[in-house]
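Breakdown of the fold
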Amino acid sequence: MDTLVDRIRQGDRRCLARAMSLMDSAEPQGRRLRDSIRRHSAQVPWWGFTGPPGAGKSTLIDALLIRLRARGRRVGVVAVDPTSPLSDGAFLGDRVRMMRHAVDPDVFIRSLATHHSPGGLSDATLHCARLLELARFDPVLIETVGVGQSEVDVADVADVCVVVLGPGYGDDIQLIKAGLLEIADLLVVNKCDLPDANRLLTAVRQEFAAAAGTDRPVEVVGIEAKSGKGVDELLDRLLELDRSVRDTGRRNQLQYRRVLGEIKRAAMLTYQRALHRGLEDGAVRELVDKLARGDLSLESAVAQLSATVAGAREDAPD
Ligand SMILES: Nc1nc2c(ncn2[C@@H]2O[C@H](COP(=O)(O)OP(=O)(O)O)[C@@H](O)[C@H]2O)c(=O)[nH]1
Ligand SMILES: [Mg+2]
C-alpha cells in the first residue's frame, strides 16, 4: 500500500489510475487505500463546477485547462457523469472535448459514472480528488451535474464553487436561487454569444445583488466558454479565490467538513444495512403483528427493533 502511495506521489500515472479503480471498490484493499491517503490531503484547493446538464461546464473546464497549462499548472479533473439517457450525450461530449488533453502528462481526467462506488458518488469524488492531490495536481477540478438533481453535493467537497448556467438551461431563477446562494462563490452565465443570455445575465445579477452586502457575496460573470471570451478574466478570479482559501485557513474547516461528511455517510450506510438485516429477523414478525393489533405503540416497536439491530451489528471490519 505504501509503495502504491509513494508511486502516486512520484507521478506514476498507471498507479494513479489503478488506485482510482480501487477507490471504487468495496474490497479490503480499496478500503485500506482510502484510509491511508486521508492524512495526505488538504493542501490544494478543489474547484467545483456545477449546474444543469448542457450549461457548458465541460466546455468551460476544457477552456480553463488550456489556460492553466499555459500558466504551468498541473491540473486534475474529476467529472461525474450520471448515466441517465438525458446526459449520455454530455458524457460522450466530455470525453471528446477533453480527449486532446489525454496525452498531456500534466493533466489527468477521471470520469465517474453514477453506478460506481458502493459508498455513493460524493465519496467516490472525494477519494479521486484526494488521489489527484496526492499526485501533485494543483488545482483539482470537479464537474458535477447540478444542484438538487444529483446525489453529489459539490459544496460538500469543493473549496471554490462555480455554478454554471446557460440560456435555456436552468434559467428558472426562482428554482435555483435558494440552493445556489449558499454554495456559489462565482455564478457564471455561459453562452453569452446567444441572444437569450443577456436576459439571463441581467435577471441573475438582479437576484444576486441582494446578497452583495452580506459576508457571502456571489459574483456573477458572463462568458462564452466555446470561444473563450471572458474565460481569462474568470480564471483570474478563480485564482484569487484559490489564494484566499489557502490564506484564510478555510482549508482546515473544509477538511473537517469533508471528513465529517465521510463518516456521516459511512455511518448511515452501516446502520441502514444493519436495519435491513434486523428486519429479516424472526422477532420482527411478532413485532409487526403486535403493532398491527394495537398491542404496541410505534415508539415501543422502534425501540425494540433498534435493540435487535444493535444486537445484529457485529460486522465492523478491522
Ligand atoms: N453557443 C454556445 N454554446 C456553447 C458554449 N459553451 C458550450 N456550448 C455548447 O453547449 C453544449 C453543452 O456543453 P457541455 O460543456 O457539454 O455542457 P455540460 O453538460 O454542462 O458539461 C455543447 O454543445 C457546447 O458546444 C458557448 O459559449 N456558446
Ligand atoms: Mg459535462
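See the structure shown above.
Residues numbered from 1 in each chain as written. Chains lettered and ligands numbered in written order. Predicted model: local features only at pLDDT ≥ 70, side-chain atom pairs only at ≥ 80, totals over all residues. Heavy atoms only, no water.

1. Focus on the pairing of strand 4 (residues 140-143)
The criterion, for reference: The buried label applies to any residue whose accessible area, calculated with a 1.4 Å probe on protein chains only, is under 20% of its type's maximum; exposed applies above 50%, and partly exposed to all values in between. Secondary structure elements are defined from DSSP: runs of H or I of at least 4 residues count as helices, runs of E of at least 2 residues count as strands, and each element is numbered from the N terminus. In this analysis, strands are considered paired if DSSP registers two or more bridges between them.
Burial along strand 4 is two-sided: Val140 and Ile142 and Leu141 and Glu143, pointing in opposite directions, are all buried. In this structure, strand 1 (residues 46-50) lies alongside strand 4, joined through four bridges in parallel fashion. Counted as the bridge partner of Trp47 is Leu141 from strand 4.

2. Brief notes about the nonpolar core
We count it as follows: Buried Ala, Val, Leu, Ile, Met, Phe, Trp, Tyr and Cys residues form a nonpolar core when they are joined through side-chain atoms within 4.5 Å.
One finds Ile8, Leu16, Leu131 and Leu187 to be the most contacted residues of the largest nonpolar core, which totals 45 residues. With seven residues, the top contributor of residues to this core is helix 6 (residues 121-134). Ranked by size, the runner-up nonpolar core spans 29 residues in total, among them Ala55, Leu65, Val77 and Leu234.

3. Some thoughts on the environment of Arg136
Convention followed: Contact criterion: two residues are considered in contact whenever any of their non-hydrogen atoms come within 4.5 Å of each other.
With respect to the secondary-structure elements, Arg136 resides in the loop between helix 6 and strand 4. A residue is classified by how much of its surface remains accessible, and Arg136, at 51% relative accessible area, is exposed. Here the alpha-carbon distance between Arg136 and Gln43, two residues 93 residues apart in the chain, equals 9.7 Å. Among all residues touching Arg136, those that are not within four sequence positions of it are Arg9 and Arg74.

Everything listed here is a matter of geometry and, on its own, says nothing about what the molecule does.
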